[in-house]
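So the chains spell out like this:
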Amino acid sequence: MSILNETYTLSNGVTIPKLGLGTWFIDNDKAADAVRAALEIGYRNIDTAQAYGNERGVGEGVRTSGIGREELFVSTKLAAEIKDYDAAAAAIDGSLDALGLERIDLMLIHSPQPWKDFRGGDYTDGNRQAWRALEDAHRAGKLRAIGVSNFLQEDLEKLLEGSASVPHANQVLVHAGNTPSELMAFCDDRNILVEAYSPIAHGEILRNPDVQAMAGKYGVSVPQLCIRYTLQLGAVSLPKTENPDHMRSNADVDFVIAESDMIALRELRARDYGASSVFPIYGGS
């Protein structure tokens, strides 16, 4: 059975494919082709965000793929700067319009803080307002599931203290070299599914000699090893690519990493993101 046919089940019973296509840095005018290529290969999970600026292209790819909408899982994210109810409600409708879809399968708050103040001030009230807008859209049938992204345990605790529901998912930076084990355990205890973005560390881990040696041991590429690692952690894996050959290779992960090697990868510390270090999620500002 291909990983492309395997799913997790969210706490509300909605199923989500274990492997998805990330679309960060895919231009809007190229997104439709990338999505169609992925869907033709067999992907059924497509992830985008308002901040990516490519929702229209992603939606076009979904709508013109020839694959029934009920077979596909489309996620997007509420812009990190939106921290009030009315703006969030309007932005949810904006994503539905941009994607050209009647419903979104999963919508997340992109960050607990605006990007310009990432890991900075206290936006608890704003997050609760944005979350309430997601809850209302979920009840209205516009969204099948709702969640958050880049939320640390303290961010989740503050949200949960003032909310009626628990996020279905938390999409965070997870890769060999950066495994937030305590956060993942916290999420697991509350039935919050973790989604791993940048599972290949935005490409920098390709040059790590220890990871290269381990990949060679299994007869796979470094990206395949890294994707398999996040899957064995129990996370959704969302590698980004617009190259169909890479899409196929990323889905060819029908092997099992031994527990001793899983421990080694879990303990690995490798957080060099090269030129991408300027982005807040990689420690920049």
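Residues numbered from 1 in each chain as written. Predicted model: local features only at pLDDT ≥ 70, side-chain atom pairs only at ≥ 80, totals over all residues. Heavy atoms only, no water.

Peer 1: What am I meant to see in the packing of aromatic side chains here?
Peer 2: The geometry of an aromatic ring pair comes down to the distance between the two centres and the angle between the two planes. For the structure on display, the rule yields 6 aromatic pairs. Arranged with centres 4.5 Å apart and planes meeting at 25 degrees, the rings of tryptophan 24 and phenylalanine 25 form a pair that is stacked. Under the relative-accessibility criterion, phenylalanine 25 is labelled partly exposed at 40%. A connected cluster of aromatic rings, assembled from ring pairs, spans Trp24, Phe25, Phe279 and Tyr282. The ring of phenylalanine 186 has arginine 190 lying over it, and the distance from NZ or CZ to the ring centre is 3.7 Å. (Phe/Tyr/Trp six-rings, centres within 6.5 Å; stacked < 30°, edge-to-face > 60°. Buried < 20%, exposed > 50% of the residue type's maximum accessible area, 1.4 Å probe, protein only. Lys NZ or Arg CZ within 6 Å of the ring centre and 35° of its normal.)

Peer 1: Help me understand helix α8 (residues 222-232), please; the structure alone is not making it clear to me.
Peer 2: Since the α-helix advances by 3.6 residues per turn, residues separated by three or four positions end up pointing in the same direction. Counted residue by residue, α8 has 10 buried out of 11 residues, so it is predominantly covered. Taken together, the buried residues of α8 touch β1 (7-9), β9 (193-197), α7 (209-218), β10 (236-238), α9 (244-250) and α10 (259-267). (Helix = DSSP H or I, 4+ residues; strand = E, 2+ residues; numbered from the N terminus. Contact = heavy atoms within 4.5 Å.)

Peer 1: What am I meant to see in the side chain of threonine 230 here?
Peer 2: Among the structural elements, threonine 230 can be located in helix α8. Residue threonine 230 is classed as buried on the basis of its relative accessible area, which comes to 0%. Discounting residues that sit within four places of it in the chain, threonine 230 has contacts with Val174, His175, Ala196, Pro199, Ala235 and Ser237.

Peer 1: Just checking my understanding: could you explain helix α6 (residues 181-189) for this structure?
Peer 2: Buried within α6 we find Leu183, Met184, Phe186 and Cys187. Down the axis, α6 shows its buried residues gathered within 160 degrees of arc, on one side only. Structural note: α6 exposes Glu182, Asp188 and Asp189 on the side pointing more than 90 degrees away from its buried face. Those residues of α6 that are buried are in contact with α5 (153-161), β8 (169-173) and β9. (Arc of directions from axis to C-beta.)

Peer 1: I would appreciate a short explanation of the sheet that holds β8 in the present structure.
Peer 2: Strand pairing in a sheet is mediated by backbone hydrogen bonds. Such pairs are either parallel or antiparallel. The strand order across the open sheet formed by 8 strands is β3-β4-β5-β6-β7-β8-β9-β10, and the pairing between neighbours is parallel. A single partner strand is all that each edge strand has here, and the edge strands are β3 (21-22) and β10. Two elements, strand β5 (residues 73-78) and strand β6 (residues 106-109), share 4 bridges in a ladder whose sense is parallel. Paired with lysine 77 across the strands is leucine 108, a residue of β6. (Pairing = 2+ DSSP bridges.)

Peer 1: I tried to follow the pairing of β8 on my own but got confused; where do I start?
Peer 2: Regular strands place side chains that alternate from one sheet face to the opposite one. Along β8, 5 of the 5 residues are buried, which leaves the element largely enclosed by surrounding structure. Here strand β7 (residues 146-149) runs beside β8; their pairing, made up of 3 bridges, is parallel. Following the sheet pairing, valine 148 is matched in β8 by asparagine 170. Relative to β9, β8 runs parallel, the two being bridged by 5 bridges.

Peer 1: Even after reading the chapter, I still don't get the environment of leucine 99, so can you show me in this structure?
Peer 2: One can find leucine 99 in helix α3 (residues 85-99). Considered as a pair, leucine 99 and arginine 63 are 36 residues apart in the sequence and their alpha carbons are 8.8 Å apart. Excluding anything up to four places from it in sequence, leucine 99 contacts Thr48, Glu55, Val58, Gly59, Arg63, Val74, Thr76 and Ile104.

Peer 1: Can you help me understand the environment of phenylalanine 255 in this one?
Peer 2: Along the polypeptide, phenylalanine 255 turns up in the loop between α9 and α10. Ignoring anything within four residues of it in the chain, the contact list for phenylalanine 255 reads Tyr218, Val220, Gln224, Leu225, Arg228 and Gln232.

Peer 1: Quick question: what am I supposed to make of the confidence of the model for the protein chain here?
Peer 2: Detailed conclusions should not be drawn from predicted coordinates in areas where pLDDT is low. Predicted confidence across the protein chain gives a mean pLDDT of 96, with 99% of residues reaching 70 or more. For the protein chain, α7 is the element with the lowest average pLDDT, namely 96, and β6 is the one with the highest, namely 99. (pLDDT = per-residue confidence, 0-100.)

Peer 1: Looking at this structure, how should I read the side chain of asparagine 150?
Peer 2: By the element assignment, asparagine 150 lies in the loop between β7 and α5. By relative accessible area, which is 4% here, asparagine 150 ends up buried.

Peer 1: Could you clarify how one ought to interpret the pairing of β6 in this entry?
Peer 2: Taking every second residue as pointing to the same face, both faces of β6 are buried, with Leu106 and Leu108 on one and Met107 and Ile109 on the other. In the classification by handedness, the crossover that spans β5, the intervening α3 and the parallel β6 is right-handed. Where β6 meets β7, 3 bridges bridge the pair, whose relative direction is parallel. Each residue of the ladder has a partner; that of leucine 108, found in β7, is glycine 147. Viewed along the sheet, the connection from β6 through helix α4 (residues 124-139) into β7 turns out right-handed. (Right-handed = clockwise from strand over helix to strand, strands pointing away.)

Peer 1: Would you mind going over the nonpolar core with me for this structure?
Peer 2: Soluble, globular proteins show a tendency: their nonpolar side chains are buried together. Counting residues in each nonpolar core, the largest one holds 95 residues, and the members touching the most others are Ile205 and Leu225. Once residues within four sequence positions are removed from consideration, leucine 225 is found in contact with Val211, Met214, Ala215, Tyr218, Val220, Phe255, Ile257 and Leu265. (Core = buried A, V, L, I, M, F, W, Y, C linked by side-chain atoms within 4.5 Å.)

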